[in-house]
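Observations on the three-dimensional arrangement
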Amino acid sequence: MNVGTLEIDEIDEPGELVRGGPRTSGGGGGNGGDGGDGNEGRGGSGPFDPRNDEDLVTDGGNAKYRILTFFLLVVVLMTFGGLMAAYVVIHANNVQEWQPFALPFQVWISTALIAAGSILYYLFERNASAGRLIEARKWLMASMAVSALFVASQLAVWAVLMQAGFYVRGNPYAGFFYILTAVHAVHVIAGIIALWSVFVRFRRLVVEDVFNEQRLAIAKTVGWYMHFLAILWFVLVFFLGFWK
């Protein structure tokens, strides 16, 4: 609807605002003026404002998310790399206190849950990239729920081990089991918070705008983190279950 020279975006759905590109009237006179619109390109009469360049805003934001996620993954990898190196060294020393135990069946439930969470998030990413946002949000909610169940299953594992008399003190293997799985669970909880942040950004059914490009970039980097945690869990299960 036009009111004078002001254009108002139309409401596509109740509560959903479909945002268009920047719209401003020319500074010359009337709607047919060639000059005066600094937002239409870098050759306009007004000074260039990089905030009006959608490609620059999108590319810069995407690069920022990728770099931050990359450094986060490096930190996580170094943390678990140090812990696993200590695990291998103490295991190789064959100390008398090293008393491994059979993994509770809850560990395999945890393994199935974290694998399912990674698959569900992949389905979310595919639907979100294709613009099927309603379906995408369903897969995202399922991924969050399964990830929360994974953390709950870890609590069940620790409860079973403590009930069986396996504690950190006096058994280095048990100590590494608790430490490795606890640190991993903390990172999964951080991932659940990140998933919720993605869900909040995908509440609006917007398909084509800079905001959508940014939230897709965030979803992709969060996916790197969640898939990395799933792979890391399989590595931990291998060491704790088969190299003890």
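This write-up is about the structure you can find in this document.

What counts, and where the lines are drawn
- Residues numbered from 1 in each chain as written.
- Predicted model: local features only at pLDDT ≥ 70, side-chain atom pairs only at ≥ 80, totals over all residues.
- Heavy atoms only, no water.
- Helix = DSSP H or I, 4+ residues; strand = E, 2+ residues; numbered from the N terminus.
- Buried < 20%, exposed > 50% of the residue type's maximum accessible area, 1.4 Å probe, protein only.
- Contact = heavy atoms within 4.5 Å.
- Areas by Shrake-Rupley, 256 points an atom, 1.4 Å probe, with all protein chains shown as cover.
- Phe/Tyr/Trp six-rings, centres within 6.5 Å; stacked < 30°, edge-to-face > 60°.
- Polar contact = N/O pair within 3.5 Å; in protein donor to acceptor, adjacent residues only side chain to side chain.
- Core = buried A, V, L, I, M, F, W, Y, C linked by side-chain atoms within 4.5 Å.

Things to note about the overall build of the protein
A tally of regular secondary structure across the protein gives five helices and four strands. Among the 244 residues that make up the protein, the fraction classed as buried is 36%. Once local pairs closer than 6 in sequence are excluded, the contacts in the protein between residues at least 24 apart make up 74%. Accessible surface for the protein amounts to roughly 14,100 Å². Of this, 64% is attributable to carbon and sulfur atoms.

Regarding the packing of aromatic side chains
Evaluation of the coordinates by the stated rule reveals 19 aromatic pairs. With 5.3 Å between their ring centres and 65° between their planes, tyrosine 87 and tryptophan 98 make a pair best called edge-to-face. Taken together, the residues span a long stretch of sequence, with tyrosine 87 in helix α1 (residues 54-92) and tryptophan 98 in the loop between α1 and α2 (105-129) at a distance of eleven residues. When sorted by exposure, tyrosine 87 lands in the same class as tryptophan 98, which is buried. Ring centres of tryptophan 98 and tyrosine 173 lie 5.6 Å apart, and the angle between their planes is 75°; this geometry places the pair in the edge-to-face category. You can see tryptophan 98 sitting in the loop between α1 and α2 and its partner tyrosine 173 sitting in helix α4 (residues 172-201), a full 75 residues away along the chain. Judged by relative accessible area, which is 11%, tryptophan 98 ranks as buried. We classify tyrosine 173 as buried; its relative accessible area is 0%.

Considerations on the environment of tyrosine 87
The exposure class assigned to tyrosine 87 is buried, which follows from its relative accessible area of 0%. When the C-alpha atoms of tyrosine 87 and phenylalanine 176 are compared, they prove to be 6.8 Å apart, with 89 residues separating the residues in sequence. Among residues more than four places away in sequence, those in contact with tyrosine 87 are Trp98, Tyr173, Phe176, Phe239, Leu240, Trp243 and Lys244. Of note is the side chain of tyrosine 87, whose polar atom sits 3.0 Å from the backbone oxygen of phenylalanine 239.

Remarks on the environment of methionine 144
Within the secondary structure, methionine 144 is located in helix α3 (residues 133-163). Taking the C-alpha atoms as reference points, methionine 144 and leucine 195, 51 residues apart in sequence, are found 6.5 Å from one another. If we ignore the near neighbours within four places in the chain, the residues touching methionine 144 are Leu195, Trp196 and Phe199.

A look at the nonpolar core
One finds Tyr87, Tyr121, Phe124, Phe177 and Val198 to be the most contacted residues of the largest nonpolar core, which totals 53 residues. At the level of secondary structure, the elements contributing two or more residues to this core comprise α1, α2, α3, α4 and α5 (210-242). Every residue in contact with valine 198, bar those within four places of it in the chain, is listed here: Tyr121, Phe124, Leu140, Ile218, Ala219 and Val222.

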